[in-house]
Every structure is written in structure tokens, then in C-alpha cells.
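# Structural overview for review
What follows is each chain in one-letter form.
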Amino acid sequence: MAEHATLTDLLVANRKVEQYIGYLEGEGLERKVTYAALHERALGILWHLQQLGARRGDKLIIWLNNNEAFIDGFWAGIAGGIVPVPLGVGISDEHRWKVLRIAALLGNPFLYTDRKGLEKLGAFAAEVGETARFEQMKARTFLIDKLSDVSHAGEIVPSTPDDVAFIQFSSGSTSTPKGVVLTHRNLIANIEQATAAAGFNERDVTVSWMPLTHDMGLIGFHLMMFRNRMQLNLMPTDLFIRRPLLWLTFASQKRATLLCSPNFGYRHFLKVLGDRALEGLDLSSVRLLFNGAEPINADLCREFLDRVAPTGLPRKAMLTVYGLAEASLAVAFPEAGRDFTSLVVDRHSLSIGSPARSAVAGTPDALELVRCGRALPGVGLRIVGDDDAPLADGLVGHVQIRGDNVTRGYYEAPEANAAAFTADGWVRTGDLALIDQGEIVITGRAKEIIFVNGQNYYPHDLESIAEKAQGLELGKVAVAGCRPPGAETDELTVFVLHRGSLQDFLPVAAEVVRLVNEHAGLEVAHVVPVKRIPKTTSGKVQRVALEQAYLAGEFAAEMAELARLAEAAHVHVLDAKGGVELRLKQIVDDA
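Residues numbered from 1 in each chain as written. Predicted model: local features only at pLDDT ≥ 70, side-chain atom pairs only at ≥ 80, totals over all residues. Heavy atoms only, no water.

This structure, assessed with the given rule, holds 19 aromatic pairs. A centroid spacing of 5.6 Å and a plane angle of 85° characterise the contact between Trp97 and Phe124, whose relative ring orientation is edge-to-face. Taken as a pair, Trp97 in helix 4 (residues 93-106) and Phe124 in helix 5 (residues 115-127) lie far apart in primary sequence, 27 residues in all. Judged by its relative accessible area of 27%, Trp97 is partly exposed. Here the aromatic cluster, defined as three or more aromatic residues joined through ring pairs, consists of Trp209, Phe240, Trp247, Phe264, Tyr266, Phe269 and Phe304. One cation-aromatic arrangement involves Arg140 over Phe110; the distance from NZ or CZ to the ring centre is 3.8 Å. (Phe/Tyr/Trp six-rings, centres within 6.5 Å; stacked < 30°, edge-to-face > 60°. Helix = DSSP H or I, 4+ residues; strand = E, 2+ residues; numbered from the N terminus. Buried < 20%, exposed > 50% of the residue type's maximum accessible area, 1.4 Å probe, protein only. Lys NZ or Arg CZ within 6 Å of the ring centre and 35° of its normal.)

Strand order across the open sheet formed by three strands is 24-25-26, with mixed pairing between neighbours. At either end of the open sheet lies a strand with only one pairing partner, and these are strand 24 (477-482) and strand 26 (526-530). Along the sheet, successive strands turn relative to each other by an average axial angle of 25°, direction set aside. The sheet contact formed by strand 25 (residues 491-497) and strand 26 spans five bridges and is parallel. Among the inter-strand pairings, Leu497 is bridged to a residue of strand 26, identified as Val530. (Pairing = 2+ DSSP bridges. Axes fitted to C-alpha atoms, helices over the stretch in contact; angles between N-to-C directions.)

A sheet is described by the order of its strands in space; here three strands give the open sequence 2-1-9, paired in mixed fashion. In the strand order of this sheet, the two ends are held by strand 2 (29-34) and strand 9 (232-234), each with one partner. Averaged over all adjacent pairs, the angle separating strand axes in this sheet is 20°, with direction ignored. Pairing geometry for strand 1 (residues 20-26) and strand 9, over three bridges, is parallel. When the bridges of strand 9 are listed, Gly22 appears paired with Asn233. Its contacts with the sheet place helix 2 (residues 35-52) against strand 1, strand 2 and strand 9, and it is angled at close to 80° to strand 2. Seen against the sheet, helix 10 (residues 245-254) touches strand 1, strand 2 and strand 9 and runs at an angle of roughly 140° to strand 1. (Contact = heavy atoms within 4.5 Å.)

Attention now moves to unusual backbone geometry. For Arg255, which is not glycine, the phi dihedral falls at a positive 55°. Relative to the helices and strands, Arg255 is located in the loop between helix 10 and strand 10 (258-261). Look at Arg255 and you get partly exposed, because its relative accessible area is 35%.

What follows is about the nonpolar core. Trp75, Trp247 and Phe304 are the most contacted members of the largest nonpolar core, which has 119 residues in total. With 42 residues, the next largest nonpolar core counts Ile465, Ala480, Cys482 and Ile533 among its residues. (Core = buried A, V, L, I, M, F, W, Y, C linked by side-chain atoms within 4.5 Å.)

Moving on to the pairing of strand 16 (residues 366-370). For strand 16, a buried count of four out of five residues is recorded, marking the element as mostly surrounded by other parts of the structure. As judged from the five bridges shared by strand 15 (residues 342-346) and strand 16, these two strands associate in the antiparallel manner. Looking at strand 16, one finds that Asp346 is bridged to Ala366.

Packing of helix 2 against helix 3 (residues 67-79) brings their axes to within 8 Å, and their N-to-C directions diverge by 70°. When the axis of helix 2 is compared with that of helix 3, the two are roughly perpendicular. The interaxial crossing formed by helix 2 with helix 3 has right-handed handedness. Between helix 2 and helix 3, the residues in contact are Leu38, Arg41, Ala42, Leu43, Ile45, Leu46 and Leu49 and Glu68, Ile71, Asp72, Gly73, Trp75, Ala76 and Ala79, respectively. Of the residues contributing to the contact of helix 2 with helix 3, the split by class is 10 nonpolar, one polar and three charged. (Parallel < 35°, antiparallel > 145°, perpendicular 65-115°, else oblique. Left-handed = near helix turned anticlockwise from the far one by under 90°. Nonpolar A, V, L, I, M, F, W, Y, C, P; charged D, E, K, R; others polar.)

What follows is the structure, encoded as C-alpha cells:
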């Protein structure tokens, strides 16, 4: 296939391709759109945007749940040199606040949405005193409900490799979102790097439920696949959430060769599957099953592969990968066609600059970490200490990257950019890792590290321990280090999703305290019942948001009532060392 310097070139090069995108809306509900038809529709929508006044360099917020409309609008923007800004619709006011904040940051963007979304945004803006901002956006809004004619072709505006292709905002909905600026050069470079590493080709077939507002969904399972002229199949994310088993049903029907999911997606699938057997599915065609976007749980990988083994899914298909938006997407892949591998370390040995000590699997201090492969061709990757100096293999440090695929910075964020780039031009990812047998092993996020008694601990590790409590599971527990003003160390705080009575919460809290103490040797300072675990649009837990809410006193009433109930019931919890303490009374210290 000819090389393309920009996404615009790619759209034009595929304008006569009869391969198609299948939009899978449910069982027996599919709409097929050929690449050729996509080209025609994108130019038809571009005509409407240009009639509205959109020009080269303008920003276009795409705020839609509909995959087909999203793809059409995205490519319309690319064709016209208009910069798409994909944003997740979500279901909470936080997501609507995010749209308003980003609109303010962008200046005077255009908005591509539907009537329902616009009405909800307008009602919310009125509630929070942002009517003026909303009216400004409304005047530059294109509603897909009004789209009935794409017969007029807009004028393609050629792009250069260093033009901004689109802006990928952080998926979190709190505070000030950061917009990762990605150029055509960044994206084309990463597409070619991943294509070479994974052997993507025209014979591949995909089925993806990942949201198109997430880099794995948009770049990994649309742009990379579109470049390789594959048959793409897109399943709505909310359909996966409601009926996750359809994902593999579709994969079997389509004879998919490429699938993907973050950790939580595999867990969600298994939860709904329960004790049932997977019958009538043939997944023997799958050659790569990507697992990334969040910490990878080795036990979950094995459980998933075991449960789906009757479908013929090859165990060697599981590809545990590492990437991030600042790299466009992909940083490291393992060698395809081998079993995923891991190493077991002492969880107390993961301080920055220290060697990760080996441990015996199954012992209390043991933590299993998954290898995520080697850097892709052309991607620079190094592990450094706090002073940005490279560390030897086996030492835990900060992950830094550089290359043609790496962003040149965040949109209109000079302070964030100053903090993100080293003096010699490497990007600080915020991740921590070590190199083992030549492969990167992610240990956690630097900003989420919990520092207790001079040791570093990682939330996802402690969460996996707490989830062993009866009735808890992935996504219902979040661990953070809450440090009150003036304190010198973090207070280990466990947030547990609980919608029942506080009386019923007492034994749950006691079990969480016991498990964490027994398996990690740590004292839990607080176990907090919450009605909701805030997550990003891609399903990642927003631990920092919970930490901030706790320190702001948002759970003080619940904590005080818990303490009263615990004391009245004389609840005691036996710790791992045999001492008896009134653990639940300690829950409300400093509340």
C-alpha cells in the first residue's frame, strides 16, 4: 500500500475501496458503509460545515454516542482541515461541565451533536449560569438530526504532516481537562509503527466496542484498521455494557481476527457470563486479543482465556500492550504468537530507583506484574530516576518517551507542557515501570502512588486484595492515599461502592481491613462507603476525584454514623498479627 503523509491523504486514497465498516446495533441489526460511501458522506457533511462557516484550523467538538455519525463527522473535519475534538457524552453533570470547560478553552468551537444532546447541554448550562457560553456554541452547532442531503461535496483542504489532526482530551471529567495535540505526522507514524509490529493487513477483521472518544477505540480500532483497509465492525459501547456476551457473538459471526478490551471489559464479560458455558461460538480465527489501557491483571487474563477456551480462541492471542494518548496510542507490544508472560515481585520493593525483588507466587508479599513487550520501531522509551537520569534494567523508575508519534504538547497549557517535557526533549508519561528481559513492566501511576511508612504502594494492587471481600469485585473498590493538610504520610483509604444501609456496611468494611492487613501488611485508616465510583469515559477509576472529595469532607456524615454504629455494636476486627482493635472506630479519624 502507498504511504500517506496525512489522514487526509488516507481518506482520499481509500475513496474507491469497497471494503466496509459494519455498525452492529444489536442481534440482526447491522448497517454496512463502504469506504467509498464514507468518503462521499464525509464530503457531504463537510459541505454543511463549510456553509456554517467552519474553516481550516477551526475546532469541531464531536459530542455523540452514535458510532456511525461520529465517524462521518470525524472524517468530515479531517477532509476540511477542521480539527475534531472528540468528547464522551457520559451520563453525569460532570461530563456536561467538561464540554463547557473545553469549549471555553478552545475559544469559539463548532459543535457536532444531536438535538437530544444539545437540549441536555442547554438545560445544564442554564442551571449553572453558563447560558451565554451555550448560546455561543449553539450558534455554531450542526445537528445530525437535520442531515438529509449529502449530495453536495465540500471542498477538501489539503493538510501538511505538521498540521494538527485532532485533539484528544483526557477522559477524566474533573478539574481542567488536558488536550493532547496530535498532528498528522504523529498519527501516521504510530499507525505505521503498530502495523509493522502487529502485522496488520487487509485480510484482518475487527470487532470493537471501545468508545471512539478513547484512543484505543478511535486510533487503535478505527484509524489503524482503516489505513490497512480491513473490514471494521463497531459495536456501541452501551450495548457492550448491557449485553457484553454479544461482543464475542459478533466476533464469531464475523470471523474476527483482531479484538481488544481493557482489563475491566474482560471482567465485565466474565461477570455476566457467570457459570454459563459459551456454546456455538467459534473464535479460532482470532490472532490478536489486545489487552491494555489500564493495569493488566494476570489472573484475570488466565481466567478469561480458560473460560473462552471452548470457543477455540488461541491462548497465544492475548497481547498485553502498553500505550497512552501522548504517544498517539501505542508504545510497546510483545512478540505476537506467544503466551503472555509475567514476573512475581515483592510488593514492598517497588520504590523509585530500587530493584524489584523476586517473590514466591502465592505468598503474602507477592505481586504479579505482566510484561508488555518492547518499544515499537521508531519509539524511544527509557526508564529514569527522579533526576531524569536513565536507570539500569530491573530498577523501578519513571517512563519517558519520544519519537515522531509523540505529541508536541497539550493544548494551551504552558504549565503542563513545562512539566511534561524534559530538558532533552523526552515526554514524562506519569507511569512507573521497570525493564525485565528487555520488556517493559508497568508498576503503576506516579501520581497515584500511596506513600505509607516509607514505602510505595500501588492502588490497583491493593484494590485486587480488597476485592476478595465477599460481595466486592473489580470496579466496586478504589484505593487512594489521602493526606490531610500538615500530615507527613498518606492515610490508606479504601472507597467501597455500597448502596445499602450503613449497618450492613460494617462487616464489609471489617473484611476489607482484615484482607489488606493480612496480604499487604498495611493498616487501613479509612473505609468509606460511596454511592458511586467515578470513572472516566473509558472506564478507568478516578481515584484522585474520590481523594479530593474525602478531604473536602463530603463523606463526613456517613463516617460519623459508621463510627457510632461500630461502637454501639462493639465491632472488633482481628488483625493478621493477632491483636484486637476497634478498627471501625478508627475509620472516622480526622473526619
